[in-house]
Amino acid sequence: METIFKRWWLLLLNGILFLILGVISLAYPVTALFSVAVYIGVVALVAGIGSIVVALSNMRVRSWGWRLLEGVIDVIFGLLMLGNPLLSAAMIPVLIGITVIDYAIMCMAGSPLAMMQGPRVSQAALEAKKIALGLDKPFYVQYFVWLGQLLHGNLGYSIKSSQAVSEMIASHLGPTLLLMGVSLIASLILAVPAGIYSAIHQYEKGDYAVVTASFLGSSIPGFFLSLLLIYVFTVKLGWLPSSGMTTLGSSGGVKDITAHMIMPVLVLAFSMAGSNIRYIRSAVLEILQQDYLRTARAKGIGRFRVINKHALRNALVPIVTVIGMEIPVLFGGAVIIEQVFSWPGLGLMTMSAITARDYPVIMGVCLLSAIVVLAANLVTDILYALVDPTIQLD
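Residues numbered from 1 in each chain as written. Predicted model: local features only at pLDDT ≥ 70, side-chain atom pairs only at ≥ 80, totals over all residues. Heavy atoms only, no water.

Q: It is not clear to me how the overall build of the protein chain should be interpreted in this structure. Could you clarify?
A: In terms of regular secondary structure, the protein chain is built from 17 helices and 0 strands. Counting over 394 residues, the protein chain shows a buried share of 37%. Taking contacts inside the protein chain between residues at least 6 apart in sequence as the whole, the part at least 24 apart equals 72%. Carbon together with sulfur atoms contributes 70% to the accessible area of the protein chain, which is approximately 21300 Å² in total. (Helix = DSSP H or I, 4+ residues; strand = E, 2+ residues; numbered from the N terminus. Buried < 20%, exposed > 50% of the residue type's maximum accessible area, 1.4 Å probe, protein only. Contact = heavy atoms within 4.5 Å. Areas by Shrake-Rupley, 256 points an atom, 1.4 Å probe, with all protein chains shown as cover.)

Put into structure tokens, the structure is as follows:
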């Protein structure tokens, strides 16, 4: 996205929107957050459209797919912000508070200069590096400098590699989204039918088997299950690769990526399905005890129609809640799984940045994580109104 911000037309639009935002905020201070939400939505929408155009016009470049995905995400985020600006405006103070806490914790963890010390590095060189990085300034000054750069579309540069943080995140975001998306779909394919079956056959052998499997899924640590799958399918049987996204020296086709995805997807999907099954089972059981379902059964509508048309739709609200809660958990769980399977996503990059105390990269990932969590809550609230017409978004 950083290259998109360098275009004159987007800079002009950015300036005009800032001018309008300033005038509205001075005239109507109460609507300042509303104006900020609209501004962010417009910028994200325009930047997303620009990324999509750039990707489609450069399809010969190997990374055009990730650029296209980034553009689609920006467009969706912009539409969400513009679709409900009041709800989006409430996210802005929360997002700022999260960045303040993250920056404070990061500064208390120690200086990145400690990772550069060595017998061949002089104290004068460390002092010069400290001044160059702005680490000689107080904490609050460092934060506002970072926030000012962020408002200009600049996430900073990596201390370790001197690469733009936005480019690093863009290059690693695609594999993480691919892993998360497939894992989420796989977990829902497992959890929804299993939860419904368990509720319909309550206290039967099938119910006990599903509940036991769900407890195992939510109890077994992801790293342990990962190591177990690697031992069985890679070390012993040699069926599946255990590291990376593609085989070294290959072109990385769909078949190769799918083979590398199987084990990490199984680990994430099994873990999420374990907790989701119990929530779905409880939600369906509660709905099955309602009077209108007893009436529907008494009318002879049929068991399949009663469950799928009446019970399942009314149980969607708690199911949507569970899915919305799982997205942040999935985003965090992917960090460990990517580390175990050497999946080239944000998790692997984040762990490398933490060990090197690469603060700009850490803050960029923390900001992205906070946006993902808040966006998941926003999407969940919007989906409530879609699945239940009685819920109104004011």
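Q: When you look at the packing of helix α9 (residues 165-200) against helix α15 (residues 316-341) in this model, what are you seeing that I'm missing?
A: Two packed helices can be described by the angle between their axes and the distance between those axes. Two elements in contact, α9 and α15, have axes separated by 10 Å at closest approach and are oriented at 125 degrees. Accordingly, the angle class assigned to the pair α9 and α15 is oblique. Judged by the twist between their axes, the crossing of α9 over α15 is right-handed. Every residue of α15 that contacts α9 at Thr176, Leu179, Met180, Ser183, Leu184 and Leu188 is listed here: Ile323, Ile327, Leu330, Phe331, Ala334 and Glu338. Tallied by class, residues from the contact of α9 with α15 come to 9 nonpolar, 2 polar and 1 charged. (Axes fitted to C-alpha atoms, helices over the stretch in contact; angles between N-to-C directions. Parallel < 35°, antiparallel > 145°, perpendicular 65-115°, else oblique. Left-handed = near helix turned anticlockwise from the far one by under 90°. Nonpolar A, V, L, I, M, F, W, Y, C, P; charged D, E, K, R; others polar.)

Q: Got a minute to help me understand the environment of Trp146 in this structure?
A: Mapping Trp146 onto the fold places it in helix α8 (residues 139-151). The exposure class assigned to Trp146 is buried, which follows from its relative accessible area of 8%. For the pair Trp146 and Tyr103, spaced 43 residues apart in sequence, the C-alpha separation works out to 9.6 Å. Leave out the neighbours within four places in its chain, and Trp146 touches Thr99, Tyr103, Leu155, Met363 and Leu367.

Q: How do you make sense of unusual backbone geometry when you look at a structure like this?
A: Backbone geometry follows two general trends: most residues other than glycine have a negative phi, and most peptide bonds adopt the trans configuration. Even without glycine at this site, Ser162 takes up a positive phi of about 60 degrees. On the secondary structure map, Ser162 appears in the loop between α8 and α9. Unusually for a residue other than glycine, Tyr203 sits at a positive phi of about 65 degrees.

Q: Looking at this structure, I do not really get a nonpolar patch on the surface. What am I missing?
A: On the surface, Phe223, Phe224, Leu227, Leu228, Tyr231, Val232, Val235, Leu237, Trp239 and Ile336 cluster together into a nonpolar patch covering about 1000 Å² of accessible area. Ranked by residue count, the leading element in the nonpolar patch is helix α11 (residues 222-236), at 7 residues. (Patch = residues over 30% accessible without salt bridge, like charges linked within 9 Å, V, L, I, M, F, W, Y side chains within 5 Å. Salt bridge = Lys/Arg side-chain N within 4 Å of Asp/Glu carboxyl O.)

Q: How should the nonpolar core be read in this particular structure?
A: Membership of the largest hydrophobic core comes to 41 residues, with the highest contact counts inside it found for Trp146, Ile169, Leu346, Met349 and Val361. For this core, the secondary structure elements donating two or more residues are α6 (91-108), α8, α9, α11, α12 (254-288), α15, α16 (346-355) and α17 (359-387). By size, the runner-up hydrophobic cluster in this structure holds 20 residues, among which are Ile196, Ile280, Val284 and Leu288. (Core = buried A, V, L, I, M, F, W, Y, C linked by side-chain atoms within 4.5 Å.)

Q: For this particular structure, what's the right way to read the pattern of salt bridges?
A: Charged atoms that come close allow side chains of opposite charge to pair. Evaluation of the coordinates by the stated rule reveals 1 salt bridge. Between Arg281 and Asp207 there is a salt bridge, with its nearest N and O atoms 2.9 Å apart. Placement of Arg281 in helix α12 and of Asp207 in helix α10 (residues 205-219) is noted, with a sequence separation of 74 residues between them. What makes Asp207 buried here is its relative accessible area of 1%.

Q: Would you take a moment to explain the side chain of Ser275 for this structure?
A: Within the fold, Ser275 resides in helix α12. Contact partners of Ser275, with chain neighbours within four places excluded, come to Ser218 and Glu326.

Purely geometric stuff here, so don't read any function into it on its own.
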